[in-house]
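Structural overview
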Amino acid sequence: MSVVKATKEEKEKKTEEEEISEDLDLKVKKYLRGGAANFDDLKDKKLKGQLSHREFLHGASAKAAAKYEKWLMPSEGGYLEADGPVEKTWRIKQEDIRREVDISSSRNQHDVILPEFSPYTLAFTSNGQYMAAAGRKGHLAIVDMKNMIPRREIQVGETVRDVVFLQDQSFFAAVQKKYTYIYGQEGIEAHCLKDQGAVLKLQFLKNHFLLASINKFGQLHYEDVSMGAMIGNIRTGLGRTDVMQVNPYNAVVGLGHSGGTVTMWKPTSSAPLVKMLCHHGPVSALAFHPNGHLMATAGKERKIKLWDLRKFEVLQTLPGHAKTLDFSQKGLLACGTGSFVQVLSDFSGTQNYSRYMNHSMVKGYKISNFLFRPYEDVLGIGHSMGWSSILIPGSGEPNFDSWVANPFETRKQRGEKEVHLLLDKLPPETIMLDPTKIGTVKTARKKEKSTKKEIEAEMEATIEAVKDGINMKKKTKGRSKPSKKLKKRQEIIAKAKRPFLEQQMQDGQLSIKKQKISEEVELPKSLQRFARKKAAT
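Notes on the structure follow. Note that the structure is predicted; figures quoted are calculated from it, not measured. (Residues numbered from 1 in each chain as written. Predicted model: local features only at pLDDT ≥ 70, side-chain atom pairs only at ≥ 80, totals over all residues. Heavy atoms only, no water.)

1. A few points about the overall build of the protein
Using the following cut-off: Secondary structure counts use DSSP, requiring at least four H or I residues in a row for a helix and at least two E residues in a row for a strand, with both numbered from the N terminus. Only protein chains enter the accessibility calculation, which uses a 1.4 Å probe; a residue whose area is less than 20% of its type maximum is buried, one above 50% is exposed, and one in between is partly exposed.
For the protein, the helix and strand inventory stands at seven helices and 28 strands. Burial analysis of the protein (537 residues in total) assigns 39% to the buried set.

2. Quick notes on the side chain of Ser106
The cut-off we apply is this: Think of a polar contact as two N or O atoms within 3.5 Å of one another; within protein, one of them needs to be a possible hydrogen donor and the other a possible acceptor, and neighboring residues in sequence only count if both atoms come from side chains. Should any heavy atoms of two residues lie within 4.5 Å, those residues are considered in contact.
With respect to the secondary-structure elements, Ser106 resides in helix H4 (residues 103-106). Overall, Ser106 belongs to the buried group, its relative accessible area being 13%. Engagement of the side chain of Ser106 in a polar contact is seen with the backbone oxygen of Ile103, the distance being 2.7 Å. Each residue touching Ser106, except ones within four places of it in the same chain, is listed here: Arg98 and Val101.

3. Regarding the sheet that holds strand E2 (residues 120-124)
Backbone-to-backbone hydrogen bonds join strands into a sheet, with any given pair of strands oriented parallel or antiparallel. To keep it simple, the criterion reads: By definition, two strands form a pair when at least two bridges between them are found by DSSP. To obtain each axis, a line is fitted to C-alpha atoms, and for helices this fit is confined to the stretch in contact; angles are then taken between N-to-C directions over 0 to 180 degrees.
Spatially, four strands are ordered E2-E3-E4-E5 in an open sheet, and the strand pairing comes out antiparallel. Two strands lie at the open edges of the sheet, namely E2 and strand E5 (149-155), each paired on one side alone. When the angles between neighbouring strand axes are averaged without regard to direction, this sheet yields 15 degrees. Sheet topology places strand E3 (residues 130-135) next to strand E4 (residues 139-144); five bridges connect them, and they run antiparallel.

4. Topic: the pattern of salt bridges
Counted only if it meets this: Salt bridges are identified by distance alone: a Lys or Arg side-chain nitrogen within 4 Å of an Asp or Glu carboxyl oxygen.
According to the stated counting rule, one finds nine salt bridges in the structure shown. Asp224 is the salt-bridge partner of Lys425, the closest N and O atoms lying 3.1 Å from each other. Taken together, the positions of Lys425 in the loop between helix H5 (411-423) and helix H6 (452-469) and Asp224 in strand E12 (residues 219-224) put the pair 201 residues apart, joining distant regions of the chain. Residue class for Asp224 comes out buried when judged on its relative accessible area of 3%.

5. A few points about helix H2 (residues 45-72)
This is how it is decided: What a helix should span is 1.5 Å times the count of its residues minus one.
Between its first and last C-alpha atoms H2 spans 40 Å; for 28 residues at 1.5 Å apiece the expected length is 40 Å, and the two agree. What H2 keeps buried is the set Ala62, Ala66, Glu69 and Lys70. The backbone nitrogen of Lys46 has a side-chain oxygen 3.1 Å away, supplied by the residue at the start of H2, namely Asp44.

6. Let's talk about the packing of aromatic side chains
For the record, the criterion: Here is the rule: rings of Phe, Tyr and Trp (six-membered ring for Trp) pair when centre to centre is within 6.5 Å. Planes less than 30 degrees apart are stacked, more than 60 are edge-to-face, and the remainder are tilted. Two limits define a charge over a ring: the Lys NZ or Arg CZ must be within 6 Å of the ring centre, and within 35 degrees of the ring normal.
Considering all chains together, one arrives at eight aromatic pairs under this definition. An angle of 70 degrees between the planes, with centres 6.4 Å apart, marks the rings of Phe165 and Phe172 as edge-to-face. When sorted by exposure, Phe165 lands in the same class as Phe172, which is buried. A network of ring pairs unites the aromatic residues Phe165, Phe172, Tyr181 and Tyr183 as a single cluster. Positioned over the ring face of Trp90 is Arg355, at 3.7 Å from the centre of the ring.

Encoded structure:
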């Protein structure tokens, strides 16, 4: 009996190992960069060895990526799938999805009707745990999306144009009628930013602790919220705009203008990094893909364009108008106008977007903005009657890194994360189009000063070369005397000596100045005991 049990256990282990190996082989194929190359026809042995070594490295990297995906990313994202060629995913309604999902997911589908404070603008924290809702008529609310409980509500009594969270849910910034205000988690006003003027749109650069804003005069401001200092004040010179978005890859701010251009900015430059003509009419919406290499723009001429930011070329042009655009963590693109939301998908990875889902709001509701909730298959919509939330399968990242964003973080973890963010804060100079260039340029070495002997040897060599090159021309009577020739010869040699003598004089003056400064500077009493004592005469 024991032998039979042992054989059964061995067979089960073998089947498990075979399943794991088959699963890994499938994942390796996903990460391989094409088929293996054939090097039989190559005659150059050195080139053949280099190429075969590179092929080996590609295979090793694909295996490492497959193992990483299997063991560290166990959850797989779901998405809608049609039963046949006749059925279309965009025909599936929210009521049908709600009937099929579990209770906890169905709770994410809700409508909050507050017509007296509408329209609403929404913002989520980086981990998706909290949502800020700002009503145009002065209503500000912080909602815990995990428990569906409103944490704080305040009425500021004036117009609110935009809202954004800072490093976490403990602080948020709201654009009001005249100034921008920063509030704490309890709704207490912490700061009033008067230098920015009448702001229209806000964005927060998390890795740099910079609050970027664009006002009605077309001025772009960067405020360092960790120090309370103005880092950049840039006049764009392209007029009023409220189309603003931050590229998550390189922290470059993108602005859409009424002339159809899109400009990209950093705080340390008064000129745009990129200025590209995207549309023939005004730009109405702008969004960046999470990988930072894809940009979506919408124009008033009823066209939505997808751009490759590595080559600044159009990848795809889609018909339709969009007042607001947003990319999800998994790359789904949501377009909204009027009371209609359309979601485009690219599950094949070919950057060819097609219609995935449609959703129509109640007639009369006008969408002001929407955002995908991080780490959830949810799209939050702010509209003219309140805010709503719909389910978009496949939009959220199923696997989260607790060191980057933890949707279930405790108060202690939040405090530790804030300290680490402040310690790892990047300076504004690191914002550039290609952040991989940082640290790749070799710093120029300081030119070493030549010694006194080297200077004297160089001077002698120069004098000898000058002496050999002197050719006196025969001139008119009285000007070719030997005394005149000797004087001219001495002048030429003195002219050649002059730069070396001047350099020696400058070095001597610098050393005298350094000695005088070191003698004159008096150390404070607490450090005088460390001063070098003069030798007794």
